Amino acid sequence: MTEINRQLVLRSRPKGLIAPGDLQLVEAPLPSLADGQALARVKYLSIDPTMRIWMAIDSYLPAVAIGDVMRAFGFAEVVESRHKEFRKGDKVVGFTGLQDYCVIDSADKRGSFRKVPPVPFLSDTAFLGVLGINGLTAYFGMTEIGKPQKGETLVVSAAAGATGSIAGQIGKIHGCRVVGIAGGPEKCKWLTDELGFDAAVDYKQADWKEKLAAATPKGIDIDFENVGGEIMHEVLERMNLHGRVVLCGLISGYTKGDPALENFHMIIVKRLRVEGFILIDYLDRFMEAATQLGKWKMFGKLKSRETIVEGLEKAPDAINMLFTGGNIGKLIVKV
């Protein structure tokens, strides 16, 4: 085992997309473990839009401090342990940070790491996607806020992303007509041909608004909102009375310093129920959700796709891909 731990530390808060120098790759010695600690080798890193928020402002978590290792969720394997709950060889998920190795500390009362069980039909990366942050987010957003009913129309923005693709499939499981909004013909084809969406709208086409109207002839009952901005504006215009807006993300504004909220007048006119949520609100129900997601996955009701970027040093480029449309499905860095 190497004695060096490569880390990406935050040097400056990005303006727009991440620029060279905002994150710096440094080398640090591996820490000596104290009682109650374990050392884990990071294998895969989850690349998520919220990372861009963590680099810039305080939100539901404090902004990453300048000079600190960049916060990230990841999958790791324990290589050394003086922790009573973790043994060498255990596979874990948690806030690993953008680095080669992380320390699991029993003094951390937040329970930042949890073991993952060996499941024969699932890859390790599934615990970062369909059974990870994205699957859990889609599950609670849809079942607790969207509350889909058979025959309703669900529209999902950023539908070819890790969370949107799962949210749409959960809508199909509940009998909804599902329309995805995504960028480019490849993504739209994946939504309809592979995931079973009833329609897909390519927002990069000049007539996308007309296509959205044609795909939602009975209006929209549920909006699983990941984007904000002009896309959200158009969806709200087509919402039915007493529709539900699941406010998961506003990615179109994350690199602009803009909350990307438009046309909230429609919330009044359409008497909409709009609710934002954060996954950590449901910590005590993760096992319930993971069990159900695992069953759907096992029986072929949930499909997933991954975009894998090789190398820790490529993580800044990978984060930017979320905002340039460079990935389909779950975006992961293989360390």
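Here, every reference points to the structure presented above.
From a predicted model like this one, the values you see are computed outputs, not experimental measurements.

Asker: In this structure, what is going on with the overall build of the protein? I would like to understand it.
Answerer: A tally of regular secondary structure across the protein gives nine helices and 15 strands. Against the compact-globule benchmark of 20 Å for 335 residues, the protein has a radius of gyration of 20 Å, which places it among compact chains. Its C-alpha atoms give the protein principal-axis dimensions of about 60 × 45 × 35 Å. A sequence separation of at least 24 residues applies to 65% of the contacts in the protein between residues at least 6 apart. For the protein, the exposed area adds up to about 15,100 Å²; of that, 52% sits on carbon and sulfur atoms. The centroid of the 42 positive side-chain charges in the protein is displaced by 4 Å from the centroid of its 40 negative side-chain charges.

Asker: I tried to follow the pattern of salt bridges on my own but got confused; where do I start?
Answerer: When the charged atoms of two side chains with opposite charge come close together, those side chains can pair. As enumerated under the stated definition, the model contains 16 salt bridges in all. For the salt bridge of Glu 186 with Arg 305, the shortest nitrogen-to-oxygen distance reads 3.1 Å. Pair noted here: Glu 186 is in helix 4 (residues 185-194) and Arg 305 is in the loop between helix 8 (286-298) and strand 14 (306-310), with a separation of 119 residues, a long-range link. With a relative accessible area of 32%, Arg 305 lands in the partly exposed category. A cluster of three or more residues bridged by salt bridges with shared partners is formed by Arg 6, Arg 41, Asp 100 and Glu 313.

What counts and how
Residues numbered from 1 in each chain as written. Predicted model: local features only at pLDDT ≥ 70, side-chain atom pairs only at ≥ 80, totals over all residues. Heavy atoms only, no water. Helix = DSSP H or I, 4+ residues; strand = E, 2+ residues; numbered from the N terminus. Rg over C-alpha atoms; globule rule 2.2 N^0.38 Å. Contact = heavy atoms within 4.5 Å. Areas by Shrake-Rupley, 256 points an atom, 1.4 Å probe, with all protein chains shown as cover. Lys, Arg positive; Asp, Glu negative; His and termini not counted. Charge placed at Lys NZ, Arg CZ, Asp CG, Glu CD. Salt bridge = Lys/Arg side-chain N within 4 Å of Asp/Glu carboxyl O. Buried < 20%, exposed > 50% of the residue type's maximum accessible area, 1.4 Å probe, protein only.

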